[in-house]
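Structural overview
This is what each chain is made of:
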Amino acid sequence: MSRYRVYVTLKPSLLDPAGRAIGDSLRTLGFSNVRDVRIGKLIELSLEDGNQEQVEEMCRKLLSNPVIERFDIEEDST
Amino acid sequence: MWHRETSLQGFDAVVIPGGFTYGDYLRGGAIAALAPILSEVRRFAENGLPVLGICNGFQILTEAHILPGALVRNSGRKFVCRKIAVTPHNTDSFWTEGCKGVLHMPVAHNEGRYIADEETLERLEQERRVAFIYCSEEGEPTDEANPNGSAANIAGILNDRGNVLGLMPHPERVVAELLGGTDGRSILERLSDA
């Protein structure tokens, strides 16, 4: 069994309204040094006989939308 | 037509309505774009037959790469649910040829902000594929009239052949005075020519 973590995040050029709302709340809480908050997704995959190329294909076809998002893949070796 | 079906034989047009699909997990329309019937919708569209995607239907068409770009969260952070004004930007296509002036239709969405890279936006404009733009009562594409922060006030776009229209406003909610308006009929009555 192989395990992968896929991080899907909005492209840096794209406004993240949810991140901005949370940034505002953090500043309200007193964390006045908060400059920017971006929200992404973490997807954990457990695969039988999987490999990195296959996970990249999953990312391109469904897990992310290349128009608006980027993805990073981490293999979990623990 | 059920999403698991695999044939559109005998159909003259396809309308993908709004609402929600598969919980809109990952992104609005992302999972519906992979439903069995969608590969047939893609073929139907490539054959030049009329396809209309409204709201979540528009999101599904972009996720299926039948239309370019993407619909992301509204820039104003709020679900927008009100009647807005749009004006047709191209009235030569199948779905838009009956449209003129300023049309009032409701929008109801959280992810309706149309975006695409600069190159795609330029191509859409050059190829006259911007179908509708959010506008003021005077028909001007002002920032105030843009309910979700869409690039270039885009409310709806066409595919390269002009037979596929995706739009965020809901024409089906304004087809009788009883519903508060009839402006949606100029789009939906085109079905009688399909």
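Up top is the structure.
Here goes a summary of the coordinates provided. (Residues numbered from 1 in each chain as written. Chains lettered and ligands numbered in written order. Predicted model: local features only at pLDDT ≥ 70, side-chain atom pairs only at ≥ 80, totals over all residues. Heavy atoms only, no water.)

Core analysis: the largest hydrophobic core is formed by 51 residues, its most contacted members being Val41(B), Tyr114(B), Phe132(B), Leu165(B) and Ile187(B). Look past the residues within four positions of Leu165(B) in its chain and what remains in contact with it is Val51(B), Leu52(B), Gly53(B), Leu61(B), Leu67(B), Trp95(B), Ala131(B), Phe132(B), Ile157(B), Leu158(B) and Ile187(B). Leu45(A), Val55(A), Cys59(A) and Ile73(A) belong to the second largest nonpolar core, which has ten residues in total. (Core = buried A, V, L, I, M, F, W, Y, C linked by side-chain atoms within 4.5 Å. Buried < 20%, exposed > 50% of the residue type's maximum accessible area, 1.4 Å probe, protein only. Contact = heavy atoms within 4.5 Å.)

Attention now moves to the interface of chain A and chain B. On the side of chain B, 15 residues touch chain A, which itself brings 17 residues to the contact. Between chain A and chain B, the buried area comes to about 1,300 Å², and carbon and sulfur atoms account for 66% of it. In this structure, Arg27(B) engages Glu69(A) in a salt bridge whose closest nitrogen and oxygen atoms are separated by 3.6 Å. For the pair chain A and chain B, the interface holds five residue pairs in polar contact (both at pLDDT 80 or more). Counting residues per element, the ones that place at least two in the side of chain A that touches chain B are helix 1 (17-28), strand 2 (40-47) and helix 2 (52-63) of chain A. The leading source of residues in the side of chain A that touches chain B is helix 1 of chain A, at five residues. (Buried area = accessible area lost by both parts, 1.4 Å probe. Salt bridge = Lys/Arg side-chain N within 4 Å of Asp/Glu carboxyl O. Polar contact = N/O pair within 3.5 Å; in protein donor to acceptor, adjacent residues only side chain to side chain. Helix = DSSP H or I, 4+ residues; strand = E, 2+ residues; numbered from the N terminus.)

On to the side chain of Arg190(B), then. All names here are of chain B. Within the secondary structure, Arg 190 is located in the segment after helix 4 (185-188). For Arg 190, a relative accessible area of 9% gives the class buried. Within polar-contact distance, the side chain of Arg 190 engages the side chain of Asp 193 at 2.5 Å.

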